[in-house]
Amino acid sequence: MISNDELARLDQQDPLRQYRSEFLLAKDSCYLDGNSLGPVSQRVVQKLQDVVTAQWQPDLIASWNKHGWIDLPLRIGDQLAAILGAESGQIACCDSTSINLFKAISAALSLSSGKSKVLTTTDNFPTDRYMIEGLSKLMDERCELVSVDEDDILNSLSDDVAVLVLTQVNFRTGQLLDMKAITQAAQEYGIRVVWDLAHSAGIVPIALDDCNVDFAVGCSYKFLNGGPGAPAFIYAAKRHLESLEQPLSGWLGHRRPFDFSPNYDASSGIAQFLCGTPSVISMSAVEAALTLYEEISVEQLREKSLSLMEVFLAQFHQSGAAEKLTLVGPRDLTQRGSQLAFEYEHAYGLCQALIKRGVVGDFRAPNILRFGFSPLYLSFQDIGFAVDQLVESLRAGEATQAINNQRSVVT
Ligand SMILES: *Cc1c(COP(=O)(O)O)cnc(C)c1O
């Protein structure tokens, strides 16, 4: 076991330790669910207060210009571009990830005349698959869902595939796909690639431009800490902006929305993905949350997140309780995003028991217990605490107790 002294020493050496106090988290708890909903930070609280009381309240409609509200989607897009390895002008913050998937897949299909196959993985996040299904109903023969196992992606590429839709980090297993190699291999067959970065944005180093990605989408409420239901983002490579089409032609995607012209004329920039009025309050929270990345690099976060996961596994394996849970996904942590997932027969009950002990992870059907590791606010001592609670809960058999097995709507 790594001793408490050793964990304390690791914390002292941690260059990110000062950021814990930015986040408003309960003292005696360990939040391992930042991959589902990031916590609120001081800077976000301040920004929200400011937007409501110093902008909306006094300046009302003048705020659209005076406080730059109208520019929020592209301004945040450029903040995200810096985080995701893209040049500015290629990302917009808007809508939900699901809606952005609809737009990105449609746009990718619009560039693939004559081809209709949209390849994705069986185990992709459901919304990614559902949006392809919805599009195929709408587009008849021009969109056809084809599913393969994650291990068979490279073998399933062919000239008749139009679009490949992949999630970079599998939401269940935590497996990290090789964005550069897969994108390149797909493009050799003329396939356009859409990456979903929900579980990788802001936590795994990403180089969208360098990987020559066609389109990408992702959430801002997970590791980016933008707030519950915060607007998502969409990336389209500059080389496609003049030629693509996307069907959600809302007025703010127009070249000159304030001409109020009766006919749609799409903007030639990334703004063509904007449908309607930006959700100013939510976006302001995202904008404030992302300022952390002006001080910290994703590489720094990655380094600490790998260490946190390594310590978790080492402690757990030495505890003697580890054989009850099976790690799913790769043991090589460099092949994972920033989460560990374990298969366990009573995963739901164990998750509930741990929450009562102050260790918040989550459960994914049918039998997965997930722990997300966000280096911005987790210490090595937190990890020691979490493993102690896990081991004690397993020893006490709490997972099968009736009180830990009453299910709510959101798991
Ligand atoms: C969380 C998640 C989403 C969420 O989509 P929303 O439309 O924002 O609810 C989409 N894709 C993946 C891979 C996710 O993990």
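As annotated in an unreviewed UniProt entry, the protein chain carries the name Kynureninase and comes from Umboniibacter marinipuniceus. What the UniProt record of the protein chain gives under Cofactor (unreviewed entry) is the line "pyridoxal 5'-phosphate".

From N to C terminus, the protein chain includes eleven helices and 13 strands. A compact globule built from 411 residues should have a C-alpha radius of gyration of about 22 Å, and the protein chain, at 22 Å, falls within 12% of that. When its C-alpha atoms are laid out on the principal axes, the protein chain stretches across 65 × 55 × 40 Å. Residue pairs in contact within the protein chain that sit at least 24 positions apart in sequence constitute 72% of those at least 6 positions apart. Total accessible area on the protein chain is roughly 17400 Å²; 51% of this is exposed by carbon and sulfur atoms. In the protein chain, 33 positive and 50 negative side-chain charges are present, and the distance between their average locations comes to 3 Å.

It is worth spelling out the packing of aromatic side chains at this point. Tallied over the full model, the rule gives 14 aromatic pairs. An angle of 70° between the planes, with centres 5.4 Å apart, marks the rings of Trp251 and Phe258 as edge-to-face. Phe258 gets classed as exposed once you look at its relative accessible area, which sits at 54%. Consider the rings of Phe316 and Phe342, whose centres lie 5.7 Å apart with planes at 75°: the pair is edge-to-face. Taken together, the residues span a long stretch of sequence, with Phe316 in helix 9 (residues 298-318) and Phe342 in strand 10 (residues 339-343) at a distance of 26 residues. Within the aromatic cluster, the residues linked to one another by ring pairs are Phe312, Phe316, Phe342, Phe371 and Phe373. When the ring centre of Tyr348 is taken as origin, the NZ or CZ atom of Arg407, which lies over that ring, is 4.3 Å away.

How each quantity is defined
Chains are numbered independently. Their residues run from 1 in the order of the written sequence. Only residues with pLDDT of 70 or above have their local features reported here, since the model is predicted, and side-chain atom pairs are shown and tallied only from 80 upward, although totals for entire chains, interfaces and linings are computed over all residues. For the side-chain quantities, the full set of heavy atoms in the structure was used; hydrogens and water were omitted. UniProt positions are given in the numbering used here, feature names are shortened, and annotations may be inferred rather than shown by experiment. A run of H or I in DSSP becomes a helix once it reaches four residues, and a run of E becomes a strand once it reaches two; helices and strands are each numbered from the N terminus. Computation of the radius of gyration draws on C-alpha atoms, with the globule rule given as 2.2 Å multiplied by the number of residues to the power 0.38. By definition, residues are in contact when any of their heavy atoms lie within 4.5 Å. We get accessible surface area from the Shrake-Rupley algorithm with a probe of 1.4 Å; when it comes to residues, only the shown protein chains can shield them. In this tally Asp and Glu are treated as negative and Lys and Arg as positive; neither His nor the chain ends contributes. Taken as the charge centre is NZ of Lys, CZ of Arg, CG of Asp or CD of Glu, depending on the residue. Geometry of aromatic contacts follows a simple scheme: Phe, Tyr and Trp rings, the Trp one being its six-membered ring, pair when their centres are within 6.5 Å, and the pair is stacked under 30 degrees between planes, edge-to-face over 60, tilted otherwise. Here the term buried applies to any residue with accessible area under 20% of the maximum for its type, exposed to any over 50%, and partly exposed to those in between, with areas from a 1.4 Å probe on protein chains only. In this scheme, Lys NZ or Arg CZ marks a charge over a ring once it lies within 6 Å of the ring centre and within 35 degrees of the ring normal.

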